[in-house]
Amino acid sequence: MLNGKVVAITGGFGQLGVAVVQGALAAGAKVAALDRAPAPAAASNLGDALALGGLDLAEPDVAARALDEVARKFGGLDALVNIAGTFRWEELEQGSVDTWDLLYRVNLRSAVSTSRAALPHLTRRGGGSIVNIGAGAAAARAAAGMGAYTASKAGVAKLTEALAAEVKDRGITVNAILPSTIDTPANRADMPKADFSRWVAPKSIADTILFLLSDSARDITGALIPVSGRV
Ligand SMILES: NC(=O)c1ccc[n+]([C@@H]2O[C@H](COP(=O)([O-])OP(=O)(O)OC[C@H]3O[C@@H](n4cnc5c(N)ncnc54)[C@H](OP(=O)(O)O)[C@@H]3O)[C@@H](O)[C@H]2O)c1
């Protein structure tokens, strides 16, 4: 499905990131996992992926250097998956203004910086794809405590739409996945009484991302796609 395509995945050491790394490798891609966390030890669950850790991808220079390294190592770049992100639940009065900066930086600025750094490589290739991770919660009315998170993820949706329009004539597609609650160990620990079977599995989101990276999705761009299990 992705035979020989070069795919860079941010947040590649996280719960969803690892599922996408594994899926892309199994689909025949050459994969680079980029993350702020330290690169895992040799026998990790990242298989043959190039693992680049310790990167704050919200910094444009860091993102550019990382993608240059990926392109140098693999001979170009065909796709970018922006998964790096985080979550905070915090009400305004009890919380901190800094939380809004943090979520903006991690969820939106990292996708902006890394997408910008990918564009020269994708353009050189004559086309490619970018997939962002937004959030289903940002497409609905924001609940209490969800202001900073949904504002940052709404930004990801608008980045997706605008960039799709800006690069469509270059054969570059830009889409976003809007997950509901993902079935991760962290969410299970935070919400022990929830019905985990209703949540969406990382592999299920990964399968949709792999489709969007494939040639079968060449005419899909600017789409915001909910992948929500039974939530
Ligand atoms: N989990 C959910 O229920 C859910 C629902 C909707 C959307 N999402 C979105 O889905 C994505 C993946 O979620 P997940 O649960 O897999 O998260 P995760 O396990 O926490 O993985 C996220 C990874 O991104 C890295 N990262 C954070 N800031 C970064 C930066 N500035 N530069 C580079 N890497 C950075 C993190 O590194 P550190 O560990 O060093 O911070 C971590 O390894 C996120 O964008 C999240 O907002 C998640």
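Scroll up a little and you will see the structure.
Residues numbered from 1 in each chain as written. Predicted model: local features only at pLDDT ≥ 70, side-chain atom pairs only at ≥ 80, totals over all residues. Heavy atoms only, no water.

**Some remarks on the site of the ligand**
Applied cut-off: It suffices for a single heavy atom of a residue to lie within 4 Å of a molecule or strand for the residue to be listed as near it. A 3.5 Å cut-off defines polar contacts: any pair of N or O atoms within that distance qualifies, except that in protein one atom must be a possible hydrogen donor and the other a possible acceptor, and neighbouring residues in sequence count only when both atoms are side-chain atoms. Residue burial considers only the protein chains on display, and all accessible areas are found by Shrake-Rupley using a 1.4 Å probe. Secondary structure follows DSSP: runs of H or I at least 4 residues long count as helices, runs of E at least 2 residues long count as strands, and numbering of each begins at the N terminus. Charged residues are taken to be Asp, Glu, Lys and Arg, nonpolar residues to be Ala, Val, Leu, Ile, Met, Phe, Trp, Tyr, Cys and Pro, and polar residues to be all remaining types, Gly included.
Lining the immediate environment of the ligand, one finds 24 residues, of which Leu 16, Asp 35, Arg 36, Ile 83 and Asn 187 sit closest. Within the backbone of Ile 182, an N or O atom sits 2.9 Å from an oxygen atom of the ligand. The protein chains hide 80% of the 900 Å² of surface that the ligand would expose on its own. Those elements that provide at least two residues to the shell around the ligand are helix H1 (15-26) and helix H4 (147-167). Its residues placed into classes, the shell around the ligand shows 11 nonpolar, 9 polar and 4 charged.

**Thoughts on the pairing of strand E1 (residues 6-10)**
To keep things clear, this is the line we draw: Only protein chains enter the accessibility calculation, which uses a 1.4 Å probe; a residue is then buried when its area is under 20% of its type maximum, exposed when over 50%, and partly exposed in between. The pairing criterion for strands is at least two bridges between them, as found by DSSP. With the strands pointing away from the viewer, any crossover whose connection runs clockwise from the first strand over the helix to the second is right-handed.
E1 sits mainly inside the fold: 5 of its 5 residues count as buried. Burial along E1 is two-sided: Val 6, Ala 8 and Thr 10 facing one way and Val 7 and Ile 9 facing the other are all buried. One ladder, built from 5 bridges, connects E1 with strand E2 (residues 30-34); its direction is parallel. Within E2, the position partnered with Thr 10 by the bridge is Leu 34. In this fold, E1 hands off to H1, which returns the chain to E2; that crossover is right-handed.

**A few points about the pattern of salt bridges**
Counted only if it meets this: The term salt bridge refers to a side-chain nitrogen of Lys or Arg lying within 4 Å of a carboxyl oxygen of Asp or Glu.
This structure, assessed with the given rule, holds 7 salt bridges. Where Lys 5 meets Asp 215, a salt bridge forms, and the shortest distance between an N and an O atom there is 2.8 Å. Taken together, the residues Lys 5 in the segment before E1 and Asp 215 in the loop between helix H6 (202-213) and strand E7 (224-227) connect sequence positions 210 residues apart. With a closest N to O distance of 2.9 Å, Arg 125 and Asp 78 form a salt bridge. With Arg 125 in helix H3 (residues 97-125) and Asp 78 in the loop between helix H2 (60-74) and strand E4 (79-82), this residue pair connects regions lying 47 residues apart in the sequence. The partly exposed category is assigned to Arg 125, whose relative accessible area is 36%. On the basis of relative accessible area, Asp 78 is assigned to the buried category, the value being 15%. Shared partners join several salt bridges into a network, and the residues in it are Asp 56, Glu 59 and Arg 105.

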